[in-house]
Structure formats: structure tokens, C-alpha cells
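Examination of the molecular architecture
Residue strings, one per chain:
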Amino acid sequence: MKVPNSKFCLLLVAFFLLVTQSSISQNFVHSINENLVPNPSFEATNVAIARLDMEMQNFGIIKDWKSAINSPDAYHPRLKDIRFIHKAPNFLKQFGEQEPRTGEGKVGMYIAGGAYKEGVTAKLKKPLIKGRYYYYHMYVSLAEGISNSCTSSIGSYFTARAPKITSTSKFPLNIESSKIICDTKNWTKVCGVYRAKGTEKYISLGYFSDSPKGKSIKGEEFDAAYYFVDDVLLMEMRDPKNLVSSQICDMALDFLPIEFLVGESEAYKEIQKALDSYIQYVTIFKVNKVKIVGHADDAGSDFENEIMSAMRASNVKKYFIEKGIDESLIEVIGLGNTEPIVTKNSNLDPESNNRVEIKIE
């Protein structure tokens, strides 16, 4: 089924895929700059952290975010600067070990019904625009130390005002996982597309109804399910015309450089397949510039390597244009062998220096 259709235009989109992260990727300036969520990976802390006095609560250290309900937890190296009035010997450690997906910060919260559910909220960088479509994802991981259940009731909720959430609230999530997330070892992406009403200024993460869709690991009723959360992204899309709905959440947001064979510059089928992920990104999101940077190894002369790198970048540009990307967005650069990612002292394959990097801004 393609989007948008009549049903799609009337309803908020709620399709979701769960994928694990790629460990090696290029960072896009575009997705960083266009993210409407402040402090999306919970790295920045409040200036007055050293003056905080807390008792078994620490979420106040995270900049731009506030507790939406109860007392979610912050995990950050600057926790050592807090003057705790009282702190249990096993504070936070009982939830288990899980490295942040990126950086040093993450948050943790109970996703449960009744009095135990927790959530966090932040004011968006700018309000959502009526009728526009927004791509959203966040990464979650079930805490192995204390959780005896797992659930699909986790996601995001958008509001015009700072939400007032209580233990008896029944607010439905605007974006929610459609699959139960039980992975305690890896980070899982919860993803969806949201069509804005035009009044939304705040985002809340967690679960805000009283009946979470739970499944106990031990085969019992829903009980404790504590999740770590990291890397939240909300970004405006182009009109999703002619896009297959399942492809949007399945598209790549982390990309590897495009590798060429030694002496080769043509964008043959295998390379075209890898380039299609970049092209899909440029098609879906509003981008300002696409820099195609060609590289070569040091097998030939500096002049020959510069020519080879420029030919690789030019052939990639040609394929982008053939696929409908506006030529005015594209800048081509040939760097020859001046920026190798594999050096002579490395155990990695030096052929990886024969590559094209695509930088989207």
C-alpha cells in the first residue's frame, strides 16, 4: 500500500519496525541540525548540577528534559557531582549494565500501569506544522537486572502544552511500538511517522495509559518492565507521496562509505544498490546540500589518484541525477589519496581507501 491515501491522511500514522543499530556509520550533519528534539541523547546537563541536593532521584541533572510522571532515572558521568542526601548502596545498579547507544548519557524508566509508570517530557525546538509529516524514532533496551516482563507499550506523545500526567491518565501514545521489546543486550528502534495537528509543542516519552500491552518473560501477568532510552529523533519529512509505508521506518539513517574495487570508478549494480539508501533519504527529507567526496588509495601517482577519486564521485553524482535528485543540491569533490581511512600501520584492508563518502547537510 502506498502513502498517502485517504485513510492515511485522516489518521495519524502508526506503523513501526524494530531494527538494531549499525555499529559503523557516517554522521549526517543534516539529521543532527534538523532534529526537533533538544538534547536527544541526554548528553547535556544543567549548569547548577553541583548545587542539587537529592534523595534517590537524579533526573533533574538532564538539560531540557523534565519528569512527566514519577521519578525516571538519569545515567550520566556527572552523577558523581550530585550531593545526595541519601542514596541506597545499589542505587541504579540493580537495573543492570547497558552502555548508552551513543555518547555517555541515557535515561531509564518503568513502563507499567498504575502508580509505577514513569515518563519524561521536553519542549520541541519549534512547534509542529499542521498537516506536515514527521519521522520519529527512539532507541530502547529492556533492563535485565530488575525487569521480569517486557512490553510493546512504549513510545511518544505530542501535546500543545506541558502535559499533566497522573497514575490514572489514559493518554494514548501517538507513536507506539507494535512489537514486544524484550531485548536486554541490544538497542531496538521504535519508529513511526506522525501527521501534525499544528498545535504540538511538547514531546513525552514513556507510556501514559493504565493498561500496557505486556507479556511476562516468566509467563505471568504484566509486572515490572524497566527500559533504557537513548537517541530520540523527530524530523520533518517531504510529502510522502509514492513512498511505500513500510520503507520509511526501514530506511537507513546510518550509512557506510561506498567502497570501490581497485582501479574501478563505475557505479555498477552493487554500488547502485548501496546508493539507493542515500537517495531514499534525500527524497524523504528536506536537505540543503549533498556532498559527494571521492577517495583513492596510494597505488598510483598523486595526479592519477586525484583523477580516479573525481571520476568515482562524478559517476555517483550521475546516478543520483538519474534517480531524480536535483543537480543543484549536489557538490562533487575529489580528494585523491589525501584522506585515507586505512593507513600502512593498520591491520585493515587498504582497499577500503577506494571509496566515496556522501555527506548530507
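The present account deals with the structure reproduced in this document. Within each chain, residue numbers correspond to sequence positions counted from 1 in written order. Owing to the predicted nature of the model, reporting of local features is limited to residues with pLDDT of at least 70; listing and counting of side-chain atom pairs is limited to 80 or more, with chain, interface and lining totals taken over all residues. Water and hydrogen atoms were dropped before computing side-chain values, which therefore reflect all heavy atoms in the structure.

1. Considerations on the layout of surface pockets
- Of the pockets and cavities examined, the second largest pocket occupies roughly 380 Å³.
- In terms of residue class, the lining of the second largest pocket is made up of eight nonpolar, four polar and six charged. Buried and open spaces are told apart on a 1 Å grid over the protein atoms alone, a cavity being a set of points where a 1.4 Å probe fits but cannot get out and a pocket being an open set with protein on both sides within 12 Å along at least five of seven lines. Residues with an atom within 4 Å of a point are the lining residues. Grid points are joined across faces, edges and corners, and a volume is the space filled by probe spheres set on the points. Polarity classes work like this: nonpolar for Ala, Val, Leu, Ile, Met, Phe, Trp, Tyr, Cys and Pro, charged for Asp, Glu, Lys and Arg, and polar for all others, with Gly in that last group.

2. Some thoughts on the sheet that holds strand E3 (residues 65-69)
- In short, DSSP must find at least two bridges between two strands for them to pair. Elements are defined by DSSP. Helices are runs of H or I of four residues or more, strands are runs of E of two residues or more, and each kind is numbered from the N terminus. Spatially, the five strands line up as an open sheet ordered E3-E7-E13-E10-E11, and their pairing is antiparallel. Edge positions in the sheet fall to E3 and strand E11 (175-176), since each of these pairs with one other strand and no more.
- Here five bridges tie strand E10 (residues 155-159) to strand E13 (residues 202-206), and the two strands are oriented antiparallel to one another. Residue pairing across strands places Ser156 opposite Leu205, the latter belonging to E13.

3. Some remarks on helix H4 (residues 269-284)
- Multiply 1.5 Å by the residue count of a helix minus one, and that product is the helix's expected span. Counted at 1.5 Å a residue, the expected span for H4 with its 16 residues is 22 Å, and the 22 Å between its end C-alpha atoms agrees.
- Where H4 bends most, the angle comes to about 30 degrees, and this point is Leu275.
- Between buried and exposed lies partly exposed: a residue is buried under 20% and exposed over 50% of the maximum accessible area for its type, with that area taken using a 1.4 Å probe on protein chains only. Those residues of H4 not exposed but buried are Ile271, Leu275, Tyr278, Ile279, Gln280, Tyr281, Val282 and Ile284. The reported bend at a residue is simply the angle between two axes, fitted to the 7 residues ending at it and to the 7 residues beginning with it.

4. Focus on the state of the cysteines
- Whenever a pair of cysteine sulfur atoms sits within 2.5 Å, that pair is classed as a disulfide. Summed over the entire model, instances satisfying the criterion amount to one disulfide.
- Residue pairing for Cys150: its cysteine sulfur links by disulfide to Cys182, the two sulfurs lying 2.0 Å apart. Note on the Cys150 and Cys182 pair: the S-S dihedral is about 65 degrees, so by sign convention the disulfide is right-handed. Taken together, the residues span a long stretch of sequence, with Cys150 in strand E9 (residues 149-151) and Cys182 in the loop between E11 and strand E12 (188-195) at a distance of 32 residues.
- Accessibility expressed as a relative area gives 2% for Cys150, which makes it buried.
- When its relative accessible area of 35% is taken as the criterion, Cys182 is described as partly exposed.

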